[in-house]
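# Inside the fold
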Amino acid sequence: MDGKAVVYCEGSFGNDYGKTAHGLVRHTERYEVVAVIDSTLAGQDSGDVLDDRANGIPVVASLTDLSDDEIDYFVIGMATDGGTLPPDARAAVRAAIQRGLNVDSGLHEFLSDDDEIASAARNAGVSIRDVRKPRPRSQLNFFSGDILDVKALRIAVLGTDCALGKRTTATLLVQGLRAAGLKTELVGTGQTSWLQGVRYGFMLDSTVNDFVGGELEHAIVSADRNESPDIIVIEGQACLTHPAGSGGAEILSSGRPQGVILQHAPGRKTYSGYDDFPLAPVEQHIATMENLFGTRVIGVGINPDGLPVTSIPEVIADHERRLRIPCCNPLRDGVAKLIDAVRRL
């Protein structure tokens, strides 16, 4: 564990832009999260805000609400459009550096390349870790075909849209499989997974396209050779059909999973952030994965976003009848159905 952290999520905790913060308050092996900063929700428990279950991590209005000995890291908990640093966040980063805190960021805008912020960090003797900063191409791996030698069963958690819980379902699935006595490793593909302490993975959306398949293969092969797991779960990114963030094809073609858990939000009618683009039906996603890539969809994780609470059980039951595979709300119901589906596979 790197140390104690406060997660900055001003104005975004509890909505789609706060998904990095959401992941960190639910689970991380890299930090001990002591607070979330969001003045619009100050005074509340972060677990109550997210999941109606208190977790003991408070939401505070600003960094001044915390004492110096409580924290080591200031972590950017927002996933903004384009990965840019909001103006208010810039001032918060400067204040954190002046307090002697290390700064970790998963944004596309690299704080270590910002002369003002980088100079302040040097003067304060603190570090800046830009998680999404690409490695030199000389250090990247090209696809080799070694994926065919992987012994572990591979399960990918993909989705029908962005920001609907793929990483959360993948994390819960790994935890559940381990609790069931199956040695399981998670291969992360995004910044939040790194911030959560995942040991194997890469930043899919910051990798030059020619090397995406090779980097994914390298992470899977390394996990298989080093850990000898029974199962490897692969975190998905975006979705096959999102107009601004298509992803998943590389995971299916290069990672070659034997099964897919598909995350879906039936209450959404359009793609996240793009109201003029109708969401492709879940059946279309399943047919594409199975017919084009030859990968079975073995279960569906239902995100209840936009659904009346009273309708959720019937929506899940309806999807099970239509799709003829196990469906559940992983955060509310647990992942027992998905674990059974993996066992059958």
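Below: a short report on this structure. (Residues numbered from 1 in each chain as written. Predicted model: local features only at pLDDT ≥ 70, side-chain atom pairs only at ≥ 80, totals over all residues. Heavy atoms only, no water.)

### Some points on the overall build of the protein
For the protein, the helix and strand inventory stands at 12 helices and 15 strands. Here the protein has a C-alpha radius of gyration of 20 Å; the compact-globule value for 345 residues is 20 Å, and the two agree. For the protein, the spread of C-alpha atoms along the three principal axes comes to 55 × 50 × 45 Å. Taken over 345 residues, the protein has a buried fraction of 55%. Per element, the accessible surface of the protein, about 14900 Å² overall, is 47% carbon and sulfur. Side chains of the protein give 33 positive and 47 negative charges; the mean places of these two sets differ by 6 Å. (Helix = DSSP H or I, 4+ residues; strand = E, 2+ residues; numbered from the N terminus. Rg over C-alpha atoms; globule rule 2.2 N^0.38 Å. Buried < 20%, exposed > 50% of the residue type's maximum accessible area, 1.4 Å probe, protein only. Areas by Shrake-Rupley, 256 points an atom, 1.4 Å probe, with all protein chains shown as cover. Lys, Arg positive; Asp, Glu negative; His and termini not counted. Charge placed at Lys NZ, Arg CZ, Asp CG, Glu CD.)

### Some points on the sheet that holds strand 6 (residues 128-130)
Here six strands make up an open sheet; going across it, the order is 3-2-1-4-5-6 and the pairing parallel. At either end of the open sheet lies a strand with only one pairing partner, and these are strand 3 (59-60) and strand 6. Bridging between strand 4 (residues 73-76) and strand 5 (residues 102-105) involves three bridges; their strand directions are parallel. Within strand 5, the position partnered with Tyr73 by the bridge is Asn102. (Pairing = 2+ DSSP bridges.)

### A word on the environment of Gly47
Its location among the elements puts Gly47 in helix 2 (residues 46-51). When its relative accessible area of 3% is taken as the criterion, Gly47 is described as buried. Apart from residues lying up to four places away in sequence, Gly47 is in contact with Asp52, Arg53, Ala54 and Asn55. (Contact = heavy atoms within 4.5 Å.)

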